[in-house]
Amino acid sequence: MTVLAPETSYEVTIPVVVVGAGAAGLCAALAAREAGAEVLVLERDPVPRGSTALSAGLVPAAGTRWQREAGIEDTPEAFAADILAKAEGEPDPAEVARVTRVAGPALEWLADAHGLRFSVITDFRYPGHSANRMHGLPSRSGEELVDRLREAAERAGVDILCDAWVTALHARLDGRIAGLTLRRPDGTEDHLGCGALVLACNGYGGNKALVRQHVPALAEALYFGHPGNQGEAVLWGEALGAAARHLSGHQGHGSVAHPAGILITWATITEGGVQVNLEGRRFSDESHGYSEQAARVLEQPEGLAWTIFDARIAGIARQFEDFRQAEAAGAILEADSIPALAAATHLPEAALAETLAEVARLKAAGATDAHGRRFAGSPPLVAPYRAVRVTGALFHTQGGLVVDDAARVLRPDGSAIPNLFAAGGAACGVSGSRASGYLSGNGLLTAVALGRLAGQAAATAA
Ligand SMILES: Cc1cc2nc3c(=O)[nH]c(=O)nc-3n(C[C@H](O)[C@H](O)[C@H](O)COP(=O)(O)OP(=O)(O)OC[C@H]3O[C@@H](n4cnc5c(N)ncnc54)[C@H](O)[C@@H]3O)c2cc1C
């Protein structure tokens, strides 16, 4: 990934160019178009997908009308406090305030101006959120989110050029971006001028060398995000002298069905399920969060665990397309009794029975276990049981380019590169430097919130 000197002139110059057609890029494009700019989105894939399409498409936001309709009291300040608590105060409070303030209005804008049918999830809550604030489209899938955003962008007159891999930026001596090089699948290259550039090409989860460097604990883990996310934003930023922060921050997930490779919603845990290793023993406070659970699962024998829950919890989990797919793929086992569960999972029966008896006792007593998990108010697990074999995976990286209130990319001295913007996984997130700092939804939060800010400001800068 290189930064080159600018051409003396470009045959074609577009006012606002966006690199990447995931949630961040498409939100930026919609906002820039709405602000009156001509916009071109460049996407390396044949069809816009990105990690956005792999996600559950749930975007956290506080103070929305969907929350008010459901009688949920929430504020951006309460949301910001939850983010800072989960990341133990590591993220910049100003950055957290920025995205939590912008997220609610951004979702209402996508609904009102662009027809995205959001609703708020009210039947379960992700760890660390003090209110129900996850918003999703009807299928609760990221594929629907990216498809609806793409359709909206096309309707709004945004040009999306697919099979267009941006391989180099062209910068002037003062850092201003003059243009870029894009490569087509047949190897031909085009040079394009731009007035402003939005980096929305996510992080470096697909780049093994960068993962090894910044997230060594997951260097050998399954990468469950989009392979095209190769870290160009950070590499270009480095070459341009931009500031990057919290590069070891990431979202892991301790519940990817193995070998089916399907995300199993963490509602299976928050609603009262538990994880055991191949010895039939629990090994952690699963309720702390799915992100940090990735490394814990990978530390277990064979890097595997079984998530055990019941039919009631399966009923809640079934609202997710992924879970329905896991059921259809036969990844979710059913058993009428603990001996049948042990037989179906090949877990040692005595150990499994002992573990589940202890869980039942903790739940009945509303007690806290030795790992620190609080079982107060958690309904008992009852037959028929469900079980799914899972592994830990890296979902996406959370470190990235430092941006200001207008999503402009900053240098270490705080000055901005005037016409360069970053959003979503290309920008530094709000999770700090550790997996445990990731509060559910931090990924799409910065994609939607910074995407909108970047698009609005890029239109002005162009
Ligand atoms: C399985 C899974 C589940 C998740 N669930 C959730 C969830 O429910 N809620 C949540 O908030 N977050 C979730 N996340 C995280 C979330 O998906 C990401 O944080 C978010 O999608 C990032 O959006 P983005 O637009 O920055 O990146 P992406 O959606 O990855 O889009 C980036 C795009 O840039 C393109 N690109 C990359 N490099 C170039 C280049 N050089 N030239 C041209 N194009 C390029 C890529 O092909 C891609 O299409 C999940 C992630 C995974 C993997």
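Residues numbered from 1 in each chain as written. Predicted model: local features only at pLDDT ≥ 70, side-chain atom pairs only at ≥ 80, totals over all residues. Heavy atoms only, no water.

**A few points about the environment of Tyr438**
At step 1: The topology assignment puts Tyr438 in the loop between strand 20 (416-422) and helix 15 (442-461).
At step 2: Tyr438 sits 405 residues away from Arg33 along the chain, and the two C-alpha atoms are 32 Å apart.
At step 3: Beyond its immediate stretch of four places on either side in the chain, Tyr438 contacts Lys86, His250, Gln251, Tyr290, Ser291, His396, Gln398, Ser431 and Gly443.
At step 4: From its side chain, Tyr438 meets the backbone nitrogen of Gly443 in a polar contact 3.0 Å long. (Helix = DSSP H or I, 4+ residues; strand = E, 2+ residues; numbered from the N terminus. Contact = heavy atoms within 4.5 Å. Polar contact = N/O pair within 3.5 Å; in protein donor to acceptor, adjacent residues only side chain to side chain.)

**Points about the packing of aromatic side chains**
At step 1: Within the structure shown, the criterion is met by 6 aromatic pairs.
At step 2: Arranged with centres 6.0 Å apart and planes meeting at 65 degrees, the rings of Trp66 and Phe118 form a pair that is edge-to-face. One end of the pair, Trp66, is in helix 3 (residues 65-69); the other, Phe118, is in the loop between helix 5 (93-114) and strand 5 (119-120), with 52 residues separating them in the sequence. Each member of the pair, Trp66 as well as Phe118, carries the same accessibility label: buried.
At step 3: Pairwise contacts between aromatic rings join Tyr126, Trp266, Tyr290 and Tyr438 into one cluster. (Phe/Tyr/Trp six-rings, centres within 6.5 Å; stacked < 30°, edge-to-face > 60°. Buried < 20%, exposed > 50% of the residue type's maximum accessible area, 1.4 Å probe, protein only.)

**Focus on the site of the ligand**
At step 1: Inspection of the region around the ligand gives 40 residues, with Glu43, Ser51, Thr52, Asn202 and Leu444 positioned closest.
At step 2: Take Ala56: an N or O atom from its main chain is 3.4 Å from a nitrogen atom of the ligand.
At step 3: Surface burial for the ligand is 98%, taken as the share of its 1000 Å² of free accessible area covered by protein chains.
At step 4: Residue assignment for the shell around the ligand shows that the elements contributing at least two residues are helix 1 (23-34), helix 2 (50-54), strand 8 (165-171), strand 17 (385-397) and helix 15.
At step 5: Broken down by element, the residue count for the shell around the ligand peaks at 4 residues, all from helix 2. (Near = heavy atom within 4 Å. Areas by Shrake-Rupley, 256 points an atom, 1.4 Å probe, with all protein chains shown as cover.)

**As for the nonpolar core**
One recurring pattern in soluble globular proteins: nonpolar side chains tend to sit buried together.
At step 1: By size, the foremost hydrophobic cluster in this structure holds 92 residues, and its most contacted members are Leu110, Leu197 and Leu199.
At step 2: Those residues in contact with Leu197, other than ones at most four positions away along the chain, are Val17, Val19, Leu169, Ile177, Leu180, Asn419, Leu420 and Phe421.
At step 3: Ala305, Phe320, Ile332 and Leu352 belong to the second-largest nonpolar core, a separate cluster that totals 45 residues. (Core = buried A, V, L, I, M, F, W, Y, C linked by side-chain atoms within 4.5 Å.)

**Quick word on the sheet that holds strand 5**
At step 1: Strand order in the open sheet formed by 3 strands is 4-6-5, and the pairing between neighbours is antiparallel. Of all the strands in the sheet, just strand 4 (59-60) and strand 5 have a single pairing partner and so form its edges.
At step 2: With 2 bridges connecting them, strand 4 and strand 6 (residues 134-136) associate as antiparallel partners. Opposite Val59, over in strand 6, you have His135 as the bridge partner. (Pairing = 2+ DSSP bridges.)

That is the geometry; function is a separate question.
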